[in-house]
Amino acid sequence: MGIYVFWMVAVFLISAACGFIFIPIILNFCKEKQLYDIPNARKIHRNAVPRLGGVAFMPSMFIAFAIAVAVISSTDRLVTINVWSLCFMLSLVLIYAMGIVDDILGLSPAVKFAVQIVAACMLPLSYLYINNFYGFMGVHEIPYVIGFPLTALAIVFIDNAINLIDGIDGLAASLAIIALAGLMYIFASQEVWSYAILISGLIGVLVAFLYFNLFGDASKNRKVFMGDAGSLTLGFILGVLCVKYSMYNPQTMVVHNFDFIMPFTLLIVPMFDVVRVFTVRIWHGCSPFKADKRHIHHKFMRAGLTQHQALCSIVALAVAYILANHLLLKVMANTYVFMIDIIVYVALNLVLNRFIHKKELGVSQSA
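Values in this document were obtained by computation on a predicted structure and should not be read as measured data. (Residues numbered from 1 in each chain as written. Predicted model: local features only at pLDDT ≥ 70, side-chain atom pairs only at ≥ 80, totals over all residues. Heavy atoms only, no water.)

*Asks:* Explain the overall build of the chain here, please?
*Replies:* When helices and strands are tallied, the chain shows 13 helices and two strands. For a compact globule of 367 residues, the expected C-alpha radius of gyration is about 21 Å, and the chain comes in at 21 Å, within 12% of that figure. Projected onto the principal axes, the alpha-carbon positions of the chain cover approximately 70 × 55 × 40 Å. For the chain, buried positions account for 53% of its 367 residues. Carbon and sulfur atoms make up 70% of the accessible area of the chain, which totals about 16,900 Å². If you average the places of the 23 positive and of the 17 negative side-chain charges in the chain, the two averages end up 10 Å apart. (Helix = DSSP H or I, 4+ residues; strand = E, 2+ residues; numbered from the N terminus. Rg over C-alpha atoms; globule rule 2.2 N^0.38 Å. Buried < 20%, exposed > 50% of the residue type's maximum accessible area, 1.4 Å probe, protein only. Areas by Shrake-Rupley, 256 points an atom, 1.4 Å probe, with all protein chains shown as cover. Lys, Arg positive; Asp, Glu negative; His and termini not counted. Charge placed at Lys NZ, Arg CZ, Asp CG, Glu CD.)

*Asks:* What is the right way to read the layout of surface pockets from this model?
*Replies:* Space left empty within the atom packing is revealed by a probe, the size of a water molecule, rolled over the atoms. When its volume is computed, the second largest pocket comes out at roughly 970 Å³. Forming the boundary of the second largest pocket are 32 residues, of which Phe157, Met271, Phe272, Val275 and Phe338 lie nearest the centre. Those elements that provide at least two residues to the lining of the second largest pocket are α5 (144-165), α9 (262-265), α10 (268-283), α11 (296-302) and α13 (334-366). The element best represented in the lining of the second largest pocket is α13, accounting for nine residues. Looking at the lining of the second largest pocket residue by residue, the class counts come to 22 nonpolar, five polar and five charged. (1 Å grid on protein atoms, 1.4 Å probe; cavity = no way out; pocket = protein on both sides within 12 Å on 5 of 7 lines; lining within 4 Å. Points joined across faces, edges and corners; volume = space filled by probe spheres on them. Nonpolar A, V, L, I, M, F, W, Y, C, P; charged D, E, K, R; others polar.)

*Asks:* Even after reading the chapter, I still don't get the side chain of Ser200, so can you show me in this structure?
*Replies:* Looking at the secondary structure, you find Ser200 in helix α7 (residues 193-215). For Ser200, a relative accessible area of 2% corresponds to the buried category. Non-local contacts of Ser200, meaning those with residues more than four positions away in its chain, are made with Met8, Val11, Phe12 and Met184. (Contact = heavy atoms within 4.5 Å.)

*Asks:* What should I look at first to understand the environment of Ser231 in this one?
*Replies:* With respect to the helices and strands, Ser231 occurs in helix α8 (residues 227-246). Residue Ser231 is classed as buried on the basis of its relative accessible area of 1%. Sequence separation between Ser231 and Asp292 is 61 residues; the distance between their C-alpha atoms is 18 Å. Within the structure, the side chain of Ser231 is placed 2.7 Å from the side chain of Asn163, a separation counted as a polar contact. (Polar contact = N/O pair within 3.5 Å; in protein donor to acceptor, adjacent residues only side chain to side chain.)

*Asks:* When you look at the pattern of salt bridges in this model, what are you seeing that I'm missing?
*Replies:* Two side chains that carry opposite charge are able to pair once their charged atoms sit near each other. Within the structure shown, the criterion is met by four salt bridges. Across the pair Lys112 and Asp102 runs a salt bridge whose closest N-O atoms are separated by 3.2 Å. Of this pair, Lys112 sits in helix α4 (residues 109-125) while Asp102 is found in helix α3 (residues 83-104), placing the two residues 10 residues apart along the sequence. Taken individually, Lys112 and Asp102 each receive the classification buried, so the pair is uniform in this respect. The partner of Asp273 in a salt bridge is Arg276, with the nearest N and O atoms 3.0 Å apart. With a gap of three residues between them, Asp273 and Arg276 both fall in helix α10, about one helical turn apart. Note on Arg276: relative accessible area 15%, which makes it buried. Among the ionic contacts, a cluster of salt bridges with common partners joins Asp102, Lys112 and Asp228. (Salt bridge = Lys/Arg side-chain N within 4 Å of Asp/Glu carboxyl O.)

*Asks:* Explanation requested: unusual backbone geometry in the structure shown.
*Replies:* A negative phi holds for most residues other than glycine; trans holds for most peptide bonds. Phi is positive for Met137, which is not a glycine, with a value near 60°. Mapped onto the secondary structure, Met137 falls in the loop between α4 and α5. Even without being glycine, Glu191 reaches a positive phi, approximately 60°. The exposure class assigned to Glu191 is exposed, which follows from its relative accessible area of 58%.

*Asks:* Help me out: how do you make sense of the packing of α3 against α8 in this one?
*Replies:* The relative placement of two packed helices is expressed as an angle between their axes plus a distance between the axes. Axis separation between α3 and α8 bottoms out at 7 Å; the angle between their running directions is 155°. Here α3 is positioned roughly antiparallel relative to α8, judged by the angle of their axes. For the pair α3 and α8, the sense of crossing is right-handed. On α8, the residues that touch Trp84, Phe88, Ser91, Leu92, Ile95, Tyr96, Met98, Gly99, Ile100, Asp102 and Asp103 of α3 are Gly227, Asp228, Ala229, Leu232, Thr233, Phe236, Ile237, Val240 and Lys244. By residue class, the composition of the contact of α3 with α8 is 12 nonpolar, four polar and four charged. (Axes fitted to C-alpha atoms, helices over the stretch in contact; angles between N-to-C directions. Parallel < 35°, antiparallel > 145°, perpendicular 65-115°, else oblique. Left-handed = near helix turned anticlockwise from the far one by under 90°.)

So, in structure tokens, the structure goes:
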């Protein structure tokens, strides 16, 4: 165990170092090629900022992971190459490449959605799929014919949830770090060390990215956004990891020490936000895919918070959900916990709506 913990820390540091090396190179490339995220009425930022920060994610993570595998495998076989591992790599490269093309040239939502579906379907085709609900909504075992589309839907849903929550500085990366840290702890507790080490590598480069994203000076070409290459890659990895843990597979995980909804709880804020935003858009007769300013970070800012205050509030909400669910799942069934989660989220939005209404009413009266 000690050697694996050592390499989790080592991979984190190697990946973070790669991030601090690669991101300035990417920033210089973006400046040379004029690849910027241009402000508009829907966006929060006011300066043109490079949007290819996410390009650094995969190389940094895999360089660090490859070093760990090369060293550990000399004495202990850490990684077994199987069909689903190959499918995961192929699908991840497909998503990563699509994100880069979208950031540089632009792709239509229909094309991006089609590529996501193809990539997500590779996992259940390799027999990595959601095959058990462990009593959630009264459901236990799930047949392959249902688990296949359910898995593809879950991965695409989580992928887009991370992509859509990426609306203010640091938000998508911070929520991803929280979720990845939880998943790393879950996999480490099950002694599935290859996943824990891989996740630590992704966290490392995200920490480097956050430094440039939150504290970088745009006037000195040191501020960067992750772009679709980053958010879609992050979301896809998180979706696959959630499916991997939720799948009943005693060969790799003999006993689930955590309830199966805990991995999804780690992403509950972006997932709930997508459902709420799509529902509100449809209710108002708009396309669910039409971009607007209805996301939770927009609501916090309309209520009077700054970007950083909104970021801290949403991160605190995500952590509160995780801690609360972890405790509640010890005393009640996961179905009831999920219902409480929904009630709390609806109540929070109603309170925010009231604050926004009072604030905007006060502004209109003063005008």
